[in-house]
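Letter by letter, the chains look like this.
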Amino acid sequence: MDQITNVSEYEAIAKKNLPKMVYDYYASGAEDQWTLKENLLAFSRILFRPRILIDVSTIDLSTTILGFKVSMPIMIAPTSMQKMAHPEGECATARAASAAGTIMTLSTLANSSIEEVASTGPGIRLFQLYVLKDRNLVTQLVRRAETAGYKAIVLTADTPRLGHREADIKNRFTMSPSLTLKNFENLDLGKIDETKDSGLASYIAGLIDRSLSWKDVKWLQTITTLPILIKGVITAEDARLCIQAGAAGIIVSNHGARQLDYVPATIMALEEVVKAAEGQIPVFLDGGVRRGTDVFKALALGASGVFIGRPVVFSLAAAGEAGVRKVLQMLRDELELTMALSGCCSLKEIRRDHIVAEWDAPRIAPRL
């Protein structure tokens, strides 16, 4: 493990360590997996315009997210069933995030409960919510998160049905009998049964409310005082509707390319959403981040921060809590170096003119 020099190297180790069904679940996307590849490749179509002869002897990566001071604009996205990657699962991830001084988001479909993760110690944590057919259960989950000290609800809005994930179908994906979905454990909803295709798809079909709409964002605001971030936004139209609905923030996400294939990479959708938000609420990026340079590009396009998912579960599978800590540290170090070499001493100094994207119109050099 000492020879690992970048985040992506953990995936190869995870592939060796994990059963094929589990690795494929974490790694795969929907249908042709075009968007899965694009989430990564699109970053390569953005180049830097670094400035020189700037004193970068001190670099400050700290920022404020939802009113909370964090050490860096790199946070942990909700990723389900983390005990399939490592026995300590989400609790190990929570400890790593806390040690790094950043935010962790717990999935509704976690193998560790809301309370178990809260018991790992202090930390800024968000709770990702799927709206279920049983609204009383939704209310219970939200209130448990409030009681346990979670700071916001992350509403996943792009999953009325599960995307067509062919790897899960071929593998007949199910969860090990030794694991449960802890937040549902006492409700006869904690197990994903084996089926002739994807057990997860069948489980979600029976659980998630397909009627979820904008009025339900208003409903959520009646059952909680926590801020609500809406995850799954990739268009300006929906960004404006998020603001109208009273969302506290937007997460630009295509669900790790696991829902609708042939949607844009999140980094390509980001600027459209940022412009539509007009600075009224923060916009975050989730998807495809593997380098500190990716983080810088997202910030230059207007993101207030980024969330990482697959790098967390792959590093967790490779080295447990220590792996997640190392991923966060590597991304932090790479972002700091990118800032220094671009002439930025703080996050607020990262501007749109520090990058040029392939989709930009021809640029006229600014006058000196």
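This one's a predicted model, so the numbers in the text were calculated from it and none came from an experiment. (Residues numbered from 1 in each chain as written. Predicted model: local features only at pLDDT ≥ 70, side-chain atom pairs only at ≥ 80, totals over all residues. Heavy atoms only, no water.)

Secondary structure summary: the chain contains 13 helices and 12 strands in total. On C-alpha atoms alone, the chain measures out to a radius of gyration of 20 Å, which is about the 21 Å that the 2.2 N^0.38 rule sets for 368 residues. In terms of principal-axis extent, the alpha carbons of the chain reach across some 65 × 50 × 40 Å. Considering only residue pairs separated by 6 or more positions, the chain has 72% of its internal contacts joining residues 24 or more positions apart. Of the roughly 15800 Å² of accessible surface on the chain, a fraction of 53% belongs to carbon and sulfur atoms. (Helix = DSSP H or I, 4+ residues; strand = E, 2+ residues; numbered from the N terminus. Rg over C-alpha atoms; globule rule 2.2 N^0.38 Å. Contact = heavy atoms within 4.5 Å. Areas by Shrake-Rupley, 256 points an atom, 1.4 Å probe, with all protein chains shown as cover.)

The probe, sized like a water molecule, is rolled over the atoms to show the empty space still left. This structure, assessed with the given rule, holds one cavity of 30 Å³ or more. Each pocket or cavity is described by its volume, and for the largest cavity that value is around 40 Å³. Taken together, Val-7, Ser-8, Glu-11, Arg-290, Arg-310, Pro-311 and Phe-314 make up the full set of residues lining the largest cavity. The residue makeup of the lining of the largest cavity, split by class, is three nonpolar, one polar and three charged. (1 Å grid on protein atoms, 1.4 Å probe; cavity = no way out; pocket = protein on both sides within 12 Å on 5 of 7 lines; lining within 4 Å. Points joined across faces, edges and corners; volume = space filled by probe spheres on them. Nonpolar A, V, L, I, M, F, W, Y, C, P; charged D, E, K, R; others polar.)

Time to look at the environment of Glu-271. The topology assignment puts Glu-271 in helix H11 (residues 266-277). Of the residues examined, Glu-271 reaches a relative accessible area of 15% and is grouped as buried. Expressed as a C-alpha distance, the spacing of Glu-271 and Phe-48, which sit 223 residues apart in the sequence, is 16 Å. With near-sequence residues (within four places) excluded, Glu-271 lies in contact with Leu-301, Arg-352 and Trp-359. (Buried < 20%, exposed > 50% of the residue type's maximum accessible area, 1.4 Å probe, protein only.)

Read these as geometric descriptors, not functional statements.
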